[in-house]
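# Remarks on the overall topology
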Amino acid sequence: MFNDIGALELLTLVVLAVLVFGPEKLPKVIQDVTRTIRKIREFSDSAKEDIRSELGPQFKDFEFEDLNPKTFVRKQLMDGNDDLGLKEIRESFDLRKEMADVTDAVNGRESASSASGAAAAASAVGASAGSGSAPDLLKKPAQPAKDERPPFDADAT
């Protein structure tokens, strides 16, 4: 519960408690606080047991921490449960590789993975060059003449 409190913060809390409650009342306040915390824990544990007993035997492994969405997602997706084939999807989707390929294409360089892909794409484009349906995205477009206006795109404005 208090794992992230450092020594300086703890010392500050002790000094504040002595100043606020005084050295005479401080032991009684500490006893009252610990008694209250103990009662809250007992109440919480009994409530958990009551809920588990009401849910029935099919929920005997139910943990209340699973109700936290972050924990639930981590348990369902990141554990060994691979009923949906998510491991293969995670491995096949390599964002760094995709971004490197896009950067190389934009800068006009050929990456190692896109070189084989570009060769396959070039052969596919060559095969369909008669139909003219697949433009070469790696080729720079021709510069328009000086008095020729660029095409107007109403959706882009």
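What you are looking at is a predicted structure, and each value in this text was computed from that prediction instead of being measured.

### So, the overall build of the protein
Scanning the protein from terminus to terminus reveals 5 helices and 0 strands. For the protein, the exposed area adds up to about 14,200 Å²; of that, 61% sits on carbon and sulfur atoms.

### Overview of the pattern of salt bridges
Following the criterion strictly, the structure yields 3 salt bridges and no others. Between Arg35 and Asp32 there is a salt bridge, with the nearest N and O atoms lying 3.1 Å from each other. Residue Arg35 and its partner Asp32 are located together in helix H1 (residues 7-55), separated by 3 residues, close to a single helical turn. Taking the relative accessible area as the measure of exposure, Arg35 reaches 40% and is therefore partly exposed. Note on Asp32: relative accessible area 29%, which makes it partly exposed. Overlapping salt bridges bring together Lys28, Asp32 and Arg35 as one network.

### Description of the confidence of the model for the protein
Averaged over the protein, the pLDDT score is 75; the fraction of residues at 70 or greater is 69%. In the model, residues 120-131 has pLDDT below 50 throughout and makes 3 contacts with residues more than four positions away in sequence or in other chains.

### Here we look at helix H4 (residues 95-107)
Given a rise of 1.5 Å per residue, 13 residues ought to cover 18 Å, and the 18 Å separating the end C-alpha atoms of H4 matches this to within 8%. One or two residues past the end of H4 sits Gly108, with phi positive at roughly 85°.

### Description of the environment of Phe64
When you line up the elements, Phe64 lands in the loop between H1 and helix H2 (69-78). Distance from Phe64 to Arg52, taken between C-alpha atoms, is 9.8 Å for residues 12 residues apart in sequence. Beyond its immediate sequence surroundings of up to four residues, Phe64 is in contact with Lys48, Ile51 and Arg52.

### Digging into H1
The end-to-end C-alpha distance of H1 is 43 Å, clearly below the 72 Å that 49 residues give at a rise of 1.5 Å each. Most pronounced at Gly22, the bend in H1 amounts to some 105°, and the proline Pro23 follows within four residues. Positive backbone phi, approximately 105°, marks Gly56, located one or two places after H1.

Rules used in this analysis
- Residues numbered from 1 in each chain as written.
- Predicted model: local features only at pLDDT ≥ 70, side-chain atom pairs only at ≥ 80, totals over all residues.
- Heavy atoms only, no water.
- Helix = DSSP H or I, 4+ residues; strand = E, 2+ residues; numbered from the N terminus.
- Areas by Shrake-Rupley, 256 points an atom, 1.4 Å probe, with all protein chains shown as cover.
- Salt bridge = Lys/Arg side-chain N within 4 Å of Asp/Glu carboxyl O.
- Buried < 20%, exposed > 50% of the residue type's maximum accessible area, 1.4 Å probe, protein only.
- pLDDT = per-residue confidence, 0-100.
- Contact = heavy atoms within 4.5 Å.
- Expected span 1.5 Å × (residues − 1).
- Bend = angle between axes of the 7 residues up to and from the residue.

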